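Each chain is listed here by its residues.
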Amino acid sequence: MRRMVPKLNLVNTDFERMQLLFKRAGAVPDLPGSAVKLITLIDSGDASAIDLERIVAADSGLCACILRVANSDVMSGSKPVSTIRNAIMRLGQKTVRSMALSIMVSDSISNRLELLDSRRLSQHTLFAAFLARYTYARRQRKQAFETEWSADEVFAATLFKDISIGLLARLDPDAFGRTKAFAQRTHCTLNCAFQKLYGSAIGELGAQAVRLWKLPDVFVECVANADQPWRNEREYISLCCISYGNYLACMHGASIEEWPVQPDLSPEVTLEVGLEDAELCSVLELVEQQVDSWMGQVAA
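Residues numbered from 1 in each chain as written. Predicted model: local features only at pLDDT ≥ 70, side-chain atom pairs only at ≥ 80, totals over all residues. Heavy atoms only, no water.

Trainee: Sorry if this is basic, but what is going on with the overall build of the chain here?
Mentor: In terms of helices and strands, the chain carries 16 helices and 0 strands. Counting only residues that meet the buried cut, the chain has 49% of its 300 residues in that class. Expressed as a percentage of contacts within the chain between residues at least 6 apart in sequence, the contacts between residues at least 24 apart total 72%. A total accessible area of about 15,000 Å² is found for the chain, and carbon and sulfur atoms account for 50% of it. (Helix = DSSP H or I, 4+ residues; strand = E, 2+ residues; numbered from the N terminus. Buried < 20%, exposed > 50% of the residue type's maximum accessible area, 1.4 Å probe, protein only. Contact = heavy atoms within 4.5 Å. Areas by Shrake-Rupley, 256 points an atom, 1.4 Å probe, with all protein chains shown as cover.)

Structure below.
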């Protein structure tokens, strides 16, 4: 009698392999130490301009970035600033924190630029972050809801929302190449293509790396559940704001993908935080100006 051999579920096997890869401390790139120290100190609530100055001064890239933005047209200061301390005081700790986060995201994918357009990723995450923060603040004004996250935390977390894609390009270029090719053929987003190919959300992988980095829970939850906000009942509306910001960024042409896409948006998200067309047009125009200015100064 011939023995039946059960078929292996190659989809699950591939995803499990990637999960193990994203859990390995030696595989996941370290975050820039200066940025981590800066964020940790600001989040502690005990940061002074002098303390932050010491950290920034030790990182020439971070120092140059902060000085450029502090002296940009975005800021309203009438005189140029030439010291790190004055630049930090002009920008404010929340802006400095967000800049440090942007640098952390950029550094984490810098080794695979030939597979992924890092500028498009940066532009997309900034666009989505500004929109998510606006949507969050508007929803609170319109109908207050319970949340442990602030508008600035929503902005910062949204910068990390698609870190999974950058990390996949860096840690598993074959899987990323397969995902990208499928997404191009089917005119869908990279997130959607990964889900169809491997049967699981790519955010589950990125969340593993964020846990390794020991970042606050808001980042883990955003990466893992922003595309499925109903999985976190406590922060459901906040995650809806992040999901909506990401969707609007794609629809406005600020997507990660280099091909036309039609992103998915769950009806629950539209019901909770959707904007009227008239308001949406003015918001998108304003956010586009903010993103262009930010990107221009950081890249200078």
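Trainee: What should I look at first to understand the packing of helix α12 (residues 203-212) against helix α13 (residues 217-225) in this one?
Mentor: Helix-helix packing: each pair is described by the crossing angle between the helix axes and the interaxial distance. Packing of α12 against α13 leaves a shortest axis separation of 7 Å and a crossing angle of 165°. By the criterion of interaxial angle, the relationship of α12 to α13 is roughly antiparallel. Taken as a pair, α12 and α13 cross one another with a handedness that is right-handed. Along the contact surface, α12 presents G203, G206, A207, V210 and R211, while α13 presents F219, V220, V223 and A224. For the contact of α12 with α13, a count of residues per class yields 6 nonpolar, 2 polar and 1 charged. (Axes fitted to C-alpha atoms, helices over the stretch in contact; angles between N-to-C directions. Parallel < 35°, antiparallel > 145°, perpendicular 65-115°, else oblique. Left-handed = near helix turned anticlockwise from the far one by under 90°. Nonpolar A, V, L, I, M, F, W, Y, C, P; charged D, E, K, R; others polar.)

Trainee: Any chance you could explain the side chain of N191 here in plain terms?
Mentor: Summarising the element assignment, N191 is placed in helix α11 (residues 190-198). The exposure class assigned to N191 is buried, which follows from its relative accessible area of 16%. Side chain to side chain, N191 and D162 meet in a polar contact 3.3 Å long. (Polar contact = N/O pair within 3.5 Å; in protein donor to acceptor, adjacent residues only side chain to side chain.)

Trainee: What exactly am I supposed to notice about the pattern of salt bridges here?
Mentor: It is possible for side chains of opposite charge to pair when their charged atoms get near one another. Under the definition given, this model contains 13 salt bridges. Of the charged contacts, one joins D152 and R133 as a salt bridge, the two residues approaching to 3.3 Å between their closest N and O atoms. Taken together, the residues span a long stretch of sequence, with D152 in helix α8 (residues 151-159) and R133 in helix α7 (residues 118-142) at a distance of 19 residues. You can call D152 partly exposed: its relative accessible area is 25%. Residue E235 pairs with R234 through a salt bridge whose shortest N-O separation is 3.6 Å. Under the relative-accessibility criterion, E235 is labelled buried at 1%. When salt bridges with common partners are traced through the structure, they connect K94, R133 and D152 into a single cluster. (Salt bridge = Lys/Arg side-chain N within 4 Å of Asp/Glu carboxyl O.)

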